[in-house]
Amino acid sequence: MNGRIDLTQAEAINDLISGKDQGVTKVAMQALRGGVRKLIEPLKEDLIQIIGQIEVNIDYPEYYDVATVTEEELLPKTKEWLTKINELLSKSQSGKLMREGIKTVILGKPNVGKSSLLNALLEEDKAIVTDIEGTTRDLVEGYVRLPSITLHLIDTAGIRETEDVVEKIGIDKSKQAMNEADLIIVLLDASRELSNEDYELLELTKDKVRLVVYNKSDDVKAELPSDAIMISARQNEIEPLIDAIEAMYEKHSFALNEPTLANERHIALLKQAKEYMMKAIETLEMGLEVDLATIDMQSAYDCIIDILGEKGKKDLLDELFSRFCLGK
Ligand SMILES: Nc1nc2c(ncn2[C@@H]2O[C@H](COP(=O)(O)OP(=O)(O)OP(=O)(O)O)[C@@H](O)[C@H]2O)c(=O)[nH]1
Ligand SMILES: [Mg+2]
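Residues numbered from 1 in each chain as written. Chains lettered and ligands numbered in written order. Predicted model: local features only at pLDDT ≥ 70, side-chain atom pairs only at ≥ 80, totals over all residues. Heavy atoms only, no water.

**Overview of the nonpolar core**
- Formed by 39 residues in total, the largest nonpolar core has its most connected members in I40, W81, L270, M297 and I304.
- When contributions to this core are tallied by element, the ones reaching two or more residues are helix 3 (35–59), helix 4 (71–100), helix 9 (264–285), helix 10 (290–307) and helix 11 (316–324).
- Every residue in contact with M297, bar those within four places of it in the chain, is listed here: L47, I50, I51, I54, T78, M277, A280 and L284.
- V144, L211, V213 and Y249 belong to the second-largest nonpolar core, a separate cluster that totals 31 residues. (Core = buried A, V, L, I, M, F, W, Y, C linked by side-chain atoms within 4.5 Å. Buried < 20%, exposed > 50% of the residue type's maximum accessible area, 1.4 Å probe, protein only. Helix = DSSP H or I, 4+ residues; strand = E, 2+ residues; numbered from the N terminus. Contact = heavy atoms within 4.5 Å.)

**Some words on helix 9**
- The end-to-end C-alpha distance of helix 9 is 31 Å, a good match for the 32 Å that 22 residues give at a rise of 1.5 Å each.
- Here helix 9 has its buried residues at H266, I267, L269, L270, A273, M277, A280, I281, T283 and L284.
- At the N-terminal boundary of helix 9, the capping side chain belongs to N263, with an oxygen 2.7 Å from the backbone nitrogen of R265.
- One or two residues past the end of helix 9 sits G287, with phi positive at roughly 80 degrees. (Expected span 1.5 Å × (residues − 1). Polar contact = N/O pair within 3.5 Å; in protein donor to acceptor, adjacent residues only side chain to side chain.)

**With respect to the domain arrangement of the protein**
- Domain boundaries assigned for the protein yield domain 1 (7–98 + 257–324) and domain 2 (101–252).
- Using C-alpha coordinates to define each centre, domain 1 is positioned 41 Å away from domain 2.
- In this complex, domain 1 contributes five residues to the contact, which on the side of domain 2 involves nine residues.
- Between domain 1 and domain 2, a total of about 610 Å² is buried, with carbon and sulfur atoms accounting for 57% of that surface.
- In this assembly, domain 1 and domain 2 are joined by zero salt bridges.
- Counting the contacts that link domain 1 with domain 2 gives zero residue pairs in polar contact (both at pLDDT 80 or more).
- Counted by class, the side of domain 1 that touches domain 2 contains two nonpolar, one polar and two charged residues. (Domains from an automatic or database assignment. Buried area = accessible area lost by both parts, 1.4 Å probe. Salt bridge = Lys/Arg side-chain N within 4 Å of Asp/Glu carboxyl O. Nonpolar A, V, L, I, M, F, W, Y, C, P; charged D, E, K, R; others polar.)

**Section: the sheet that holds strand 6 (residues 229–230)**
- With mixed pairing, six strands are arranged side by side in an open sheet as 2-3-1-4-5-6. Pairing within the sheet leaves two strands with one partner each, and these edge strands are strand 2 (140–145) and strand 6.
- Sheet topology note: the strand 1 (residues 102–107)/strand 3 (residues 150–155) ladder contains five bridges and is parallel. Along strand 3, the bridge assignment pairs V105 with I154.
- Where helix 6 (residues 165–180) meets the sheet, its contacts fall on strand 1 and strand 4 (183–189), and the angle it forms with strand 1 comes to roughly 145 degrees.
- On top of the sheet, helix 7 (residues 196–204) reaches strand 1, strand 4 and strand 5 (210–215); it is set at about 165 degrees to strand 4, its chief contact. (Pairing = 2+ DSSP bridges. Axes fitted to C-alpha atoms, helices over the stretch in contact; angles between N-to-C directions.)

**Quick word on the coordination of the magnesium ion (ligand 2)**
- Every protein donor of the magnesium ion (ligand 2) is accounted for by S115 (OG) and T136 (OG1), and the metal-donor separations fall at 2.0 to 2.1 Å. Of the two residues, S115 sits in helix 5 (residues 114–122) while T136 sits in the loop between helix 5 and strand 2, which places them 21 residues apart along the sequence. (Donors = N, O, S within 2.8 Å, 3.2 Å for Na, K, Ca; no water.)

Laid out in structure tokens, this is it:
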């Protein structure tokens, strides 16, 4: 309230206090040092410049020395702005993954060893393991910290055709978890040849972020691809899987060393700003009046300053007056 720190820094203090691990602390410290402002301020400045140019034309047509801005001039600038916001958003998604953990869903037909894998990764007997097909009927969850990332693990009911009412509900939950996952581990059983159920699951997940993993490496009977990731959940031999996950997310771990947005509120506002700007660009591309586009640009601007907690403090017109020396 007294202008010593902005809203993003105040939020960082809260994150620092409630943060559970080193990753969160690191991101919060960056935000506390003004990292979020440093990322947002250039976007705000560019937008003021773009909107300023249009407003001058609309409100002060008598200023003949100010060139009339056309959509040909505006389009490259607005698109450049959109590119910047897209880059920041994609970096921020990585930051969020790093911060909240990767929602990792273990999928497979019954008895392939999904619950055994969950237990091996968590290093505790959390889920029930038996040789009866359909043992797991509900989602079982846990967190595991790998050297550079955290997994939010979810063990699911084995997917198969069944008449059992309870098991059916469990399988629906498995499928829902699959749709919400950041990463899917498709677990196959190396001690048997693949069945139709396995092929169906591979087909179902082919467009998702997934790792196909063969369990029961201690008892291989099936023909396996030469580059297959093989583990034995029962014997806690799961290093190949851990290495594969680490390699997959290596490119995201920069998010911990580089300032990005990790706060849900910031990311949501940034996405909104992007939507407004896309609408503005559409207006410009349709060749409509340039000033029609400013309505959406102003909404984008409001989103941006809302991130910094500056909404209502100083509006866009004040900002323009103070910079463009108009109406004086
Ligand atoms: N040989 C061998 N057996 C394993 C391995 N991992 C699990 N099993 C066995 O496979 C059987 C099924 O294991 P679970 O972990 O319950 O399998 P699941 O996929 O969770 O099965 P559902 O919950 O029924 O879908 C058990 O008898 C386990 O001991 C392994 O690495 N090697
Ligand atoms: Mg199970």
